[in-house]
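Summary of structural features
Each chain is listed here by its residues.
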Amino acid sequence: MSWEEDLGRAVLEGDEISTVRIAGEALEAKANPQDILQRGAEGIIEAGRLWQQGDYFLPDVILAAEAYREVMDRVAPLLEGDGAGGKGSVLIGSVEGDAHEIGKNIVVAILRSSGYRVVDLGVDVRAADFVEKVQELRPQILGLGAYMTTTMRRMPEVMDALQTAGLRDKVKVMVGGAPLTAEYAESIGADGYGADAYDALAVINRLLGVA
Amino acid sequence: MNLKPMLNVMKKLQKGVLYSKGLRLGRLDGYERLIAGIYGQPDRVPLICQPYTYAMGLHSLPSRKFFSESLPFVHASANMARYLDIDSWNPIFDFYNIELEALGQPLIWREGSEPDVDSQHPLIASEADFGRLKPPAPGRDGRMPFVLESYKRYMDVTGLQPMVYACAPFTMAVLIRGYVNFLRDMRRNPAFAHKLLDFLSMEVVVPWIAKMVQVTGPSIVVMSDAWASPPNATLEMVAEFCIPYVHKIIKATNSPIRTVFDTGVWGERAADPRAVLDMKMDMMVPGNDFKALRPFFLLVWSEDYDAVGIPLVRDYADEKKVCLLLNIYPPALEEGPPEKIAELIKRLIREGAGRGRFGLLANLIPIGTPVEHAHAVIAAIKQFGSYPVDPEKLDGMAFRMPAVEPFDDWYRREGLRI
C-alpha cells in the first residue's frame, strides 16, 4: 500500500506509533506536508463516520484523534504561511480548575482536520487569559470546555469577562463538555453548544456560514 | 473499635426496615428514613447530601485545610447537614485521590475546589514506572490519616458509622496512567493493564478497605468508579477490565455484616440503557453474603435520566427490587430560583417516588449557591414527598418557600466550632 493509504488507516486505527513513522517516511520522500495532513484528516473523518453509525466507540475516536494530533504536531510547523486553516479561526481551552483535555483534544483534532485554524490554550485556563488571547488573536470562535459540574460554573465568568472587555460581540462562543446541556449553554448566553466533537464542528460551520 | 456507632446503626436499621414493611414504631429520624426508603416506603422521600465543598464555602475554609484536617472537615460538614436539615450525610472527601496520593501521584490544589489529580503528570507515564511503584502503607501515607481521623470524628459527632469510600481500581488505573495511555494499554498491552489492575486491587484497595473498617466497624464500603462508564469505556472494556476486579475486591473484603459495592458509574444515555443498568447491578449484587443488605441502591445521574426518562429507570428498579437513587442536577441548585428548584424536585418525586424504594441525592451543591436555594430542596421534598405520593395531586400543589435564617446567624447559635 502507499503511504497515503497507510497513514489514513493508521489514524483510523488510532495507531500513533505507525502514524508518526509513516508521516516521517512521507516527509523524507518529499511529500507535501499539506497532503500528509489531508491524508491523516481522512482517517479521523472516517472515524467520525463510523462512530456516528455506531460501528466505532468513543475510545476508538479518542485514539484516532490522538494519532492525528501526533501528525499535526510534527507536520503543521512545516507548512508555509497559513497552510491549513482556511475555513476559519478557533481559540479553545478548558476553563479554570479543569484539567481534563480529552474532549477538547478531540474537538481540536476534528476542527483541524476539517480545515480550521485552531489555537489550543490547553487546560485550566483563567477567564482573564481567554480574554487576553481573544483580544490578541481575534478568533472567530472561542471554544470553552468543562468536564465537571464543579468547573462548568467558570463558563459564565468567561462570558462576563468578555462582556466587560467589550469583546462579547466580536467572537462567537461555543461551549461543550460532559455535564453541559443545550439549555445550560443558552442560559449563560453562549452562541452554540456541541453535544460531541462532530456536533461542535457542525455548529461552528453553521455559526460561520461554512458549508 | 467503638461499638456504640455500630449498635446505633443496627437499631436504626431494624426500625427503618420494619417501618418500610408497615410496622411503624414511632417517628423516623433522617437515617431511619433513608433505611426505610432503601427497603420500602418511608414517611417521605429521603434526601442524602454530600456536604463537600459547599460546607467548605459556608465556613470560608481554605481548600487545603478542609480536605486535610479532620476537625474543620467533619464539623463544617455536620454544621451544613444540620443547618439544611438533611436526612443523611457522610464525610465526603475527594475519594478518588486518597490512594493515588498515597502512591505518590501529584495533585493540584486550588482555592474553592477539591484537589484534583494532575492529569498532565500521571504517576505511571510508562510501563517502566510501574516497576518502581510501592504499595502505600495503609493509614500512614498521604492523607490516609486524615481519612481515618475523619471517620472517628464523624462517629463521635453523629453516633453513627460512616459509609467508607475507596477509589475503584479501574478508575484508579485511568487516573494514575492517564486515560489515553490506559486505553492504549487495554487495546495493545492487555497483560500490562491486568497486572496494573491486579496490583491496584489487591495491594492498594483491599488493604486500605481493611484498615478503614478496622476503625469504623462493619460499615458499608463504597468504591467509586466514574471512569468505568460509557461512552468513556465500552461495556466490553468494563466487562474485561473492571467487573472482575470489583468482584475480586468484594470477595476479599466483604463479610456477612458488611456490604461492599462499586458505584458512580453513569452512561445510560450513551449505550443500551438496560445494559448499563445491568452492569451497575453486577457491581453491587455480589457485595454481601447477607441478602437483606444487598443491593444497596441503584444510582442514576441527571444527565442520564433526563435522556432516557425516569420511568425507564423506575421500572428497572422495581423489576430488580432495588432502591432508585436520583441525583439533583447541581447547576439547577446554583441557578435557582427556589420556585424552579421546587418544580424540579416535584418532577423527580412525581416520576420517581413510586411506592417507595426511592431517594434523592444532592451529590454536589456548588460552592457559593445561595442558602435559599439549598433550603428550597429540602422544603420541596417535605411539601411534595410525603407518602403515599399521588402524582395527579402533586400538579395542583403550590410551593411555599419557608423563611431562611442566614447561615452565620445559625452558626453563632448552634454550630459546632471550628
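Rules of the game
Residues numbered from 1 in each chain as written. Chains lettered and ligands numbered in written order. Predicted model: local features only at pLDDT ≥ 70, side-chain atom pairs only at ≥ 80, totals over all residues. Heavy atoms only, no water. Salt bridge = Lys/Arg side-chain N within 4 Å of Asp/Glu carboxyl O. Helix = DSSP H or I, 4+ residues; strand = E, 2+ residues; numbered from the N terminus. Domains from an automatic or database assignment. Contact = heavy atoms within 4.5 Å. Buried area = accessible area lost by both parts, 1.4 Å probe. Pairing = 2+ DSSP bridges. Axes fitted to C-alpha atoms, helices over the stretch in contact; angles between N-to-C directions. 1 Å grid on protein atoms, 1.4 Å probe; cavity = no way out; pocket = protein on both sides within 12 Å on 5 of 7 lines; lining within 4 Å. Points joined across faces, edges and corners; volume = space filled by probe spheres on them. Nonpolar A, V, L, I, M, F, W, Y, C, P; charged D, E, K, R; others polar. Buried < 20%, exposed > 50% of the residue type's maximum accessible area, 1.4 Å probe, protein only.

Let us now look at the pattern of salt bridges. Side chains that differ in sign of charge can pair as their charged atoms come close. Residues and elements named next belong to chain B. Inspection of the entire model under this criterion finds 40 salt bridges over all chains. The partner of Asp43 in a salt bridge is Arg33, and the shortest N-O contact between them spans 2.8 Å. In this pair, Asp43 sits in the loop between helix H2 (30-39) and strand E1 (47-49) while Arg33 sits in helix H2, placing the two residues 10 residues apart along the sequence. Put simply, Lys12, Lys15, Asp29 and Glu32 are held in one network by salt bridges that share partners.

The next subject is the domain arrangement of chain B. When the parts come together, some accessible area is lost, and that loss is often what is quoted as the size of the interface. Residue and element names in this part refer to chain B. Domain boundaries assigned for chain B yield domain 1 (1-43) and domain 2 (90-296). Averaged C-alpha coordinates put domain 1 and domain 2 at centres separated by 28 Å. In this assembly, 12 residues from domain 1 lie in contact with 12 residues from domain 2. Taking both sides of the interface into account, the surface hidden between domain 1 and domain 2 amounts to around 1,000 Å²; carbon and sulfur atoms contribute 68%.

Moving on to the sheet that holds strand E6 (residues 221-224) of chain B. Residue and element names in this part refer to chain B. Overall, parallel pairing links the three strands, which are arranged E5-E6-E7 in an open sheet. Strands at the two margins of the open sheet, each flanked by one partner only, are strand E5 (164-167) and strand E7 (260-263). Averaged over all adjacent pairs, the angle separating strand axes in this sheet is 30°, with direction ignored. Against the sheet, helix H11 (residues 190-216) touches E5 and E6, its axis set at about 170° to E5.

A few words on the layout of surface pockets. Residues and elements named next belong to chain B. Approximately 410 Å³ is the volume found for the second largest pocket. In terms of lining residues, the second largest pocket is bounded by 25 residues, among which Val9, Tyr31, Gln161, Pro218 and Ile220 are the most central. Within the residue set of the lining of the second largest pocket, elements represented by two or more residues are helix H1 (3-20), H2 and strand E2 (88-89). When the residues that make up the lining of the second largest pocket are grouped by side-chain class, the tally is 19 nonpolar, five polar and one charged. Summarising the domain contributions, the lining of the second largest pocket has at least three residues from each of domain 1 (1-43) and domain 2 (90-296).

In this section: helix H9 (residues 169-177) of chain B. Residues and elements named next belong to chain B. Extensive coverage of H9 is indicated by the burial of nine of its nine residues. Burial in H9 covers these residues: Pro169, Phe170, Thr171, Met172, Ala173, Val174, Leu175, Ile176 and Arg177. Once H9 finishes, Gly178 follows within two positions and takes phi at roughly 90°, a positive value.

What follows is about the sheet that holds strand E4 (residues 172-176) of chain A. All names here are of chain A. With parallel pairing, the five strands of this open sheet are ordered in space as E2-E1-E3-E4-E5. Where the open sheet ends on each side, the last strands, each with one partner, are strand E2 (116-120) and strand E5 (192-194). Ignoring which end each strand starts from, the neighbouring axes of this sheet average 25° apart. Examined bridge by bridge, strand E1 (residues 88-94) and strand E3 (residues 141-145) share five bridges and lie parallel to one another. The residue of E3 that forms the bridge with Val90 is Ile141. Helix H5 (residues 102-113) rests against E1 and E2 of the sheet, and its axis sits at about 150° to E2. On top of the sheet, helix H7 (residues 155-164) reaches E3 and E4; it is set at about 155° to E3, its chief contact.

Going through the model one piece at a time under the given rule, you end up with four cavities of 30 Å³ or more. Computed from the structure, the largest cavity encloses a volume of approximately 140 Å³. Around the largest cavity sit 16 residues that line it, and A:Thr150, A:Thr151, A:Arg153, B:Gly112 and B:Ser113 are the ones nearest its centre. The class makeup of the residues in the lining of the largest cavity is four nonpolar, six polar and six charged. Lining the second largest cavity are B:Leu47, B:Cys49, B:Leu84, B:Ile86, B:Leu333, B:Ala362, B:Ile365, B:Ala374, B:Val377 and B:Ile378. Sorting the residues of the lining of the second largest cavity by element identifies E1 and helix H18 (371-384) of chain B as the ones contributing at least two each.

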